[in-house]
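Read off the chains here:
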Amino acid sequence: MGGKRDTDSASIERALVALRRAQRRRNLARLSERRGERVGEHAALPDGVFDLLDAVESATERGETLTVTEAAAALGVDQPRASRLAAQALGAGLVRREADQRDGRRSLLTLTADGRTALARIHDFRHRVVTETVADWPAEDRAALALLLTRFVRDFTDLTEHPGPPGGRRRDRTP
């Protein structure tokens, strides 16, 4: 790689770091608080509970299920922390435990109707923030970002979760 490509990759890397830092600082959660949107019966729950709901929803969308141990891995937290988050989500009625039909020793986390409603509110807020962020962008730029960011996340996930041989080429895919 040389010149322009190195600069592009460096810019992308810096943008990823900035997004990661914003996530760690809980910028969206703090924005929702400042705007008075973090209200209702679940407002006092820690952000990690909503991260857990996101993880359960994501697994469900992939046709998978999550145990507390698997949720810990998905969230990047230790098992005791995931257990506390699951207990808080259970206590708030946002998830329920179900026995795994294939292995009765496993207890799966499933979203309740209240959990899906809470996530829908979060998704709506995130969507409005993204819409506001790119409101002044030309339609072509918004479309390009949607296309390319989705492709980047898919390919980045493929590479980091299912790495091939070092330096190996993956087949080129378009969105």
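Throughout, residues of each chain are indexed from 1 in the direction in which the sequence is written. With the structure being a predicted model, the display of local features is reserved for residues of pLDDT at least 70 and the display and counting of side-chain atom pairs for 80 or more, all residues being used for whole-chain, interface and lining totals. The basis for every side-chain value is the complete set of heavy atoms in the structure, and neither hydrogens nor water enter the calculation.

Quick look at the overall build of the chain
Rules: The helix and strand labels rest on DSSP assignments: H or I over at least four residues marks a helix, E over at least two residues marks a strand, and numbering proceeds from the N terminus. For the exposure calls, accessible area comes from a 1.4 Å probe over protein chains only, and a residue counts as buried if that area is under 20% of its type's maximum, exposed if over 50%, partly exposed in between. Working rule for contacts: check all heavy atoms of both residues, and any pair within 4.5 Å makes them a contact. Under the convention used here, a 1.4 Å probe and the Shrake-Rupley method define accessible areas, while residue burial counts only the protein chains that appear. His is not counted, nor are the chain ends; Lys and Arg add positive charge and Asp and Glu add negative charge. The location of each charge is read from NZ of Lys, CZ of Arg, CG of Asp or CD of Glu.
For the chain, the count of helices and strands is seven helices and two strands. Each helix and strand of the chain, ordered N terminal to C terminal, gives the series α-α-α-α-α-β-β-α-α. When the backbone C-alpha atoms are referred to their principal axes, the chain occupies close to 55 × 45 × 25 Å. A total of 175 residues make up the chain; the buried ones form 25% of that total. Partitioning the intrachain contacts of the chain with sequence separation of at least 6 by distance along the chain shows that 46% fall at a separation of at least 24. For the chain, the exposed surface amounts to about 12,200 Å²; the carbon and sulfur share of it is 55%. Seen as two clouds, the 31 positive and the 27 negative side-chain charges of the chain have centres 3 Å apart.

Examining a positive patch on the surface
Applied cut-off: Here the term patch refers to residues with relative accessible area over 30% and no salt bridge, with like charges joined within 9 Å and nonpolar side chains (Val, Leu, Ile, Met, Phe, Trp, Tyr) within 5 Å. Only one rule defines a salt bridge in this text: a Lys or Arg side-chain nitrogen within 4 Å of an Asp or Glu carboxyl oxygen.
On the surface, Arg20, Arg21, Arg24, Arg25, Arg30 and Arg34 cluster together to form a positively charged patch. At the level of elements, helix 1 (3-24) and helix 2 (27-34) are the ones that each hand at least two residues to the positive patch. Of all the elements, helix 1 adds the most residues to the positive patch, at three residues. With respect to the element layout, Arg24 can be found in helix 1.

A word on the packing of aromatic side chains
Spelled out, the test is: Side-chain rings of Phe, Tyr and Trp, where Trp is taken by its six-membered ring, are said to pair if the distance between their centres is within 6.5 Å; with planes under 30 degrees apart they count as stacked, over 60 as edge-to-face, and otherwise as tilted.
Under the defined criterion, the tally for this structure stands at one aromatic pair. Seen from their ring centres, Phe152 and Phe156 are 5.6 Å apart, and the 25° between their planes marks the pair as stacked. With Phe152 and Phe156 both in helix 7 (residues 139-161) and four residues apart, this pair spans about one turn of that helix.

With respect to the confidence of the model for the chain
What counts is decided by this rule: Per-residue confidence from the predictor is reported as pLDDT, a score between 0 and 100.
Across the chain, pLDDT averages 89, with 91% of residues at or above 70. Mean pLDDT values over the elements of the chain span from 85, in helix 1, up to 96, in helix 5 (residues 79-91).

A few points about the environment of Leu159
In this fold, Leu159 is placed in helix 7. Leu159 sits 54 residues away from Arg105 along the chain, and the two C-alpha atoms are 33 Å apart.

Overview of the packing of helix 3 (residues 47-61) against helix 5
The cut-off we apply is this: Between N-to-C directions, angles cover 0 to 180 degrees, with each direction set by a line fitted to C-alpha atoms, over the stretch in contact for helices. Should an angle fall under 35 degrees it is called roughly parallel, over 145 degrees roughly antiparallel, and 65 to 115 degrees roughly perpendicular, with every other angle called oblique.
The N-to-C vectors of helix 3 and helix 5 enclose an angle of 90°; their axes lie 9 Å apart at closest approach. Classified by the interaxial angle, the pair formed by helix 3 and helix 5 is roughly perpendicular. Along its contact with helix 3, which presents Gly48, Val49 and Leu52, the element helix 5 presents Arg81, Leu85, Ala86, Gln88 and Ala89.

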